[in-house]
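If you want the building blocks of each chain, they are given just below.
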Amino acid sequence: MATQAPIIPASPSFKTDLAPIGIFDSGVGGLSVYLHLKQQLPDEQYLYYADTLNVPYGPRPSAEIKELTLIAVDWLVAAGCKLIVIACNSASAHALQVARQKYPTIPIVGLVPALKPAVLNSSSKSVAVLATKATLDGELLNAVISDYALPAQVNVVKWFDPSLVPWVEAGMPTQSETPERLKAQLKIFAQQKVDHLVLGCTHYPFFREFVMTQIAAENLGIKVVDSGAAIAARVKTLLQQSQSLVIPKQQIDMTEGGLYVGHSTQSLEEFSLAHSKLAFFVSDPKADLAEVSRLVNQLIYR
Ligand code: DGL
């Protein structure tokens, strides 16, 4: 579910329709949102800033998350993005408002775990949110609890495991205790009569299939929800309203390659978005770009 962004006409100095959509996450998690964006807005180009130098954000204090998020948003604004998606629940929880205050003329869309639809559809009156500590403690999620869960008398089970984000960043190796812990936790949710599990971190949809397989195998009767599709729909609406969708005749020939991977420290003049559907930049200057490219490809072409 998208948090409402102000609808403001884009700056006339931008060639807005041809400008990229900016995506930001602490790491590769925002790619789960990118997959929905690509599906709903296939003609757009995407510029992604992954703060791999500082991932994970989940255990960090609020002030630090704000500071890191503003650095990322500054970078995407300087790169000329027409709209920015903070594709990170943890960053949205602590820095969405401050980013919008800093850039009032650029639409900035943030994420909040899809708790509202889970609450509205729960028959057992018990739902679980799996998210980072920063998201679980943040105001956005807690406002949804006060506004929707409490009045409907739905119990919200909050749960976090700090190893989940690093596990996804490592490409979800099978030889890890993390998936075993997750399996055990699903059974605990079932004992707590949970009938909806909200994946409240953008890294988590990458193990959605694993979760669904366990739920089916154990007959746990839990539905799994996330906010990716709703965010993409919100972005589409905003771009339609500001008339800044790419129009097909302006489409650039991107047959030469879909993915560009780079360091965020490099000058943006060194590359052209012209032939990249997705340009993925990492903040860690020591990151091995071949490794980054392998991981991004693993996640987006599964
Ligand atoms: N993808 C981020 C989120 O949605 C991950 C947070 C982290 O870096 O811990 O919250």
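Before any of the text, the structure's been laid out above.
Residues numbered from 1 in each chain as written. Predicted model: local features only at pLDDT ≥ 70, side-chain atom pairs only at ≥ 80, totals over all residues. Heavy atoms only, no water.

**Overview of the site of the ligand**
Taken together, the neighbourhood of the ligand is formed by 14 residues, with Ser26, Tyr57, Gly58, Ser90 and Thr202 sitting nearest. In this structure, His203 approaches the ligand through a side-chain N or O atom, which is 2.8 Å from a nitrogen atom. For the ligand, the protein covers 99% of the area, taking 300 Å² as the surface of the free molecule. When each cavity is represented as a set of grid points, the ligand is found to reside in the largest cavity. The residue makeup of the shell around the ligand, split by class, is 6 nonpolar, 7 polar and 1 charged. (Near = heavy atom within 4 Å. Polar contact = N/O pair within 3.5 Å; in protein donor to acceptor, adjacent residues only side chain to side chain. Areas by Shrake-Rupley, 256 points an atom, 1.4 Å probe, with all protein chains shown as cover. 1 Å grid on protein atoms, 1.4 Å probe; cavity = no way out; pocket = protein on both sides within 12 Å on 5 of 7 lines; lining within 4 Å. Sits in = over half its atoms within 2 Å of the grid points. Nonpolar A, V, L, I, M, F, W, Y, C, P; charged D, E, K, R; others polar.)

**Regarding the sheet that holds strand 10 (residues 278-282)**
Taking strand neighbours across the sheet as the criterion, the 6 strands line up as 4-3-1-2-10-9 in an open arrangement whose pairing is parallel. The outermost strands of the open sheet, each flanked by one partner alone, are strand 4 (108-110) and strand 9 (259-263). Each neighbouring strand pair of the sheet contributes to a mean axis angle of 20 degrees, computed without reference to strand direction. Here strand 3 (residues 83-86) pairs with strand 4 via 3 bridges, running parallel. Looking at the pairing, Val85 lines up with Val109 of strand 4. Running over the sheet, helix 2 (residues 62-78) touches strand 1 (21-25), strand 2 (46-50), strand 3, strand 4 and strand 10 and is turned about 155 degrees from strand 2. Those strands touched by helix 3 (residues 89-102) are strand 1, strand 3 and strand 4, and its axis lies near 160 degrees from that of strand 4. (Pairing = 2+ DSSP bridges. Helix = DSSP H or I, 4+ residues; strand = E, 2+ residues; numbered from the N terminus. Axes fitted to C-alpha atoms, helices over the stretch in contact; angles between N-to-C directions. Contact = heavy atoms within 4.5 Å.)

**Section: empty space enclosed by the protein**
According to the stated counting rule, one finds 4 cavities of 30 Å³ or more in the structure shown. Of the voids in this model, the largest cavity is the one considered here, and its volume is about 60 Å³. Taken together, Asp25, Ser26, Pro56, Tyr57, Gly58, Cys88, Ser90, Thr132, Val165, Cys201, Thr202 and His203 form the lining of the largest cavity. Here the residues of the lining of the largest cavity sort into 5 nonpolar, 6 polar and 1 charged. Along the walls of the second largest cavity sit Ser32, Val33, Asn89, Leu111, Leu199, Cys201, Thr202, Pro205, Asp226, Ser227 and Gly228, which together make up its complete lining. Taken together, the residues of the lining of the second largest cavity break down into 5 nonpolar, 5 polar and 1 charged. (Points joined across faces, edges and corners; volume = space filled by probe spheres on them.)

**Re the nonpolar core**
Counting 55 residues, the largest nonpolar core has Leu31, Val85, Phe207, Val235 and Phe280 as its most contacted members. When neighbours within four sequence positions are excluded, Phe280 is seen to be in contact with Gly27, Val28, Leu31, Tyr48, Ala50, Leu259, Tyr260, Val261, Gly262, Val292 and Val296. Formed by 42 residues, the second largest nonpolar core is a distinct cluster that contains Tyr57, Leu136, Val154 and Phe281. (Core = buried A, V, L, I, M, F, W, Y, C linked by side-chain atoms within 4.5 Å. Buried < 20%, exposed > 50% of the residue type's maximum accessible area, 1.4 Å probe, protein only.)

**Some remarks on the side chain of Asp51**
In this fold, Asp51 is placed in the loop between strand 2 and helix 2. In this structure the side chain of Asp51 is engaged in a polar contact, spanning 2.6 Å, whose partner is the side chain of Ser283. Beyond its immediate chain neighbours, meaning those up to four positions away, Asp51 contacts Phe24, Asp25, Ser26, Gly27, Tyr57, Leu68 and Ser283.

**As for the environment of Val98**
Mapping Val98 onto the fold places it in helix 3. The partly exposed category is assigned to Val98, whose relative accessible area is 23%. Among all residues touching Val98, those that are not within four sequence positions of it are Lys66 and Leu70.

**What to know about the pattern of salt bridges**
Under the definition given, this model contains 9 salt bridges. Of the charged contacts in the structure, one is a salt bridge between Glu218 and Lys187, with a shortest N-O distance of 3.9 Å. Linking Glu218 in the loop between helix 9 (208-217) and strand 8 (223-225) with Lys187 in helix 8 (residues 178-191), this pair joins segments that are 31 residues apart in sequence. The class for Glu218 is partly exposed, based on a relative accessible area of 40%. Glu291 is paired through a salt bridge with Arg294; the nearest N and O atoms lie 3.3 Å apart. One end of the pair, Glu291, and the other, Arg294, are both in helix 11 (residues 289-300), 3 residues apart, so they sit about a helical turn from each other. (Salt bridge = Lys/Arg side-chain N within 4 Å of Asp/Glu carboxyl O.)

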